[in-house]
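This is what each chain is made of:
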Amino acid sequence: MKLNPILTIIALAFSGLVFYGFYAAQSTLLLSLFSSISFAIYSIGLFAFSYVGAPRNTVLVKVSSAVLAIFSLIVNIIFAFVNAALPLIIIVNSLCVIICLALLYAFGQKKL
């Protein structure tokens with residue numbers, strides 16, 4: 001597994017923009033924080049990870065990270081509009097991050 005440091009910085013910059021977007025939209029600080037942390041994990045998987053010698057694994061990681069990032073953003077936008085409770089926000093974001101990390105690990109174990 002290879003991690004590109006320049007693309008990691010770009011992914012973290014995107015997550016900073018997500019944090020600012022939620023915070024500027026008058027969302028709670030914790031919703032903004034959890035949204036940006038989960039988006040940072042997804043965007044690092046989307047932009048910066050690659051498997052050397054296994055292009056199919058790299059594609060699987062990028063696609064699953066993109067799908068989870070879009071799902072997470074949509075869910076967090078809905079949470080911001082309906083003023084969801086903090087435990088719900090933590091549970092949903094944590095489950096999405098755990099799924100993403102489990103997929104990343106599983107795709108790294110198989111040679112496709």
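As the structure is a computational prediction, the values presented were derived from the model and not from experiment.

Procedures and definitions
- Along each chain, the written sequence defines residue order, and numbers are assigned to residues from 1.
- In view of the model being predicted, local features appear only for residues whose pLDDT reaches at least 70, and side-chain atom pairs are presented and counted only at 80 or more, with totals across whole chains, interfaces and linings using the full set of residues.
- Just so you know, side-chain values use all the structure's heavy atoms and leave hydrogens and water out.
- Numbering of helices and strands runs from the N terminus; a helix is a DSSP stretch of H or I covering at least four residues, while a strand is a stretch of E covering at least two.
- The quantity called the radius of gyration is restricted to C-alpha atoms. Its globule counterpart is 2.2 Å times the number of residues to the power 0.38.
- Burial status follows relative accessibility: with a 1.4 Å probe on protein chains alone, a residue under 20% of its type maximum counts as buried, one over 50% as exposed, and anything between as partly exposed.
- By definition, residues are in contact when any of their heavy atoms lie within 4.5 Å.
- With residues, only the protein chains shown are counted as cover, and all accessible areas are computed by Shrake-Rupley using a 1.4 Å probe.
- One less than the residue count of a helix, multiplied by 1.5 Å, gives the span that helix is expected to have.
- Patch definition: residues above 30% relative accessible area lacking any salt bridge, with like charges linked at up to 9 Å and the nonpolar side chains Val, Leu, Ile, Met, Phe, Trp and Tyr linked at up to 5 Å.
- For this document, the term salt bridge refers to a Lys or Arg side-chain nitrogen within 4 Å of an Asp or Glu carboxyl oxygen.
- The quantity called pLDDT is the predictor's confidence in a given residue, expressed from 0 to 100.
- Cysteine sulfur atoms are paired as a disulfide whenever they come within 2.5 Å of each other.

A. Spotlight on the overall build of the protein. When helices and strands are counted, the protein shows four helices and two strands. Secondary structure elements in the protein, listed N-terminal to C-terminal, are β-α-α-β-α-α. Taken over the C-alpha trace, the protein has a radius of gyration of 15 Å; the compact-globule value for 112 residues is 13 Å, and the two agree within 12%. With the principal axes as the frame, the protein shows a C-alpha extent of 45 × 25 × 15 Å. Put simply, the protein has 112 residues, and 36% of those count as buried. Of the contacts formed within the protein by residues at least 6 apart in sequence, a portion of 70% connects residues at least 24 apart. Surface accessibility of the protein: about 6700 Å² in total, with carbon and sulfur atoms responsible for 79%.

B. A look at helix 2 (residues 29-47). Its 19 residues give helix 2 an end-to-end C-alpha distance of 26 Å, which sits within 8% of 27 Å, the value for a rise of 1.5 Å per residue. Every buried residue of helix 2 is accounted for by Leu31, Ser32, Ser35, Ser36, Ser38, Phe39, Ala40, Tyr42, Ser43, Ile44 and Gly45. Check the buried side of helix 2 and you find it contacts strand 1 (2-3), helix 1 (5-24), strand 2 (49-50), helix 3 (55-82) and helix 4 (86-109).

C. View of helix 4. Taking 1.5 Å of rise per residue, 24 residues should cover 34 Å, and helix 4 covers 35 Å from first to last C-alpha, within 8% of that figure. If you check which residues of helix 4 are buried, you get Ile89, Val92, Asn93, Cys96, Val97, Cys100, Leu104 and Phe107.

D. A look at a nonpolar patch on the surface. Nonpolar side chains collect at one region of the surface, where Ile6, Leu7, Ile9, Ile10, Phe14, Leu17 and Phe47 lie side by side and expose about 640 Å² of accessible area between them. The element best represented in the nonpolar patch is helix 1, accounting for six residues. Structurally, Leu7 is set in helix 1. Residue Leu7 is classed as partly exposed on the basis of its relative accessible area of 31%.

E. Seen up close, the environment of Ala13. Here Ala13 shows up in helix 1. Taking C-alpha positions, Ala13 is 21 Å from Cys96, a pair spaced 83 residues apart along the chain.

F. Examining the confidence of the model for the protein more closely. Averaged over every residue, the pLDDT of the protein is 87; the share at 70 or more is 98%. Strand 2 is the least confidently modelled element of the protein, averaging 83 in pLDDT, while helix 1 averages 91, the highest of any element.

G. Fine view of the state of the cysteines. Taken as a whole and assessed by the stated rule, the structure comprises zero disulfides. Residue Cys96 stays outside any disulfide, its sulfur separated by 9.2 Å from that of Cys100, the closest cysteine. The exposure class of Cys96 is buried, given its relative accessible area of 7%. Residue classification places Cys100 among the buried residues on the basis of a relative accessible area of 7%.

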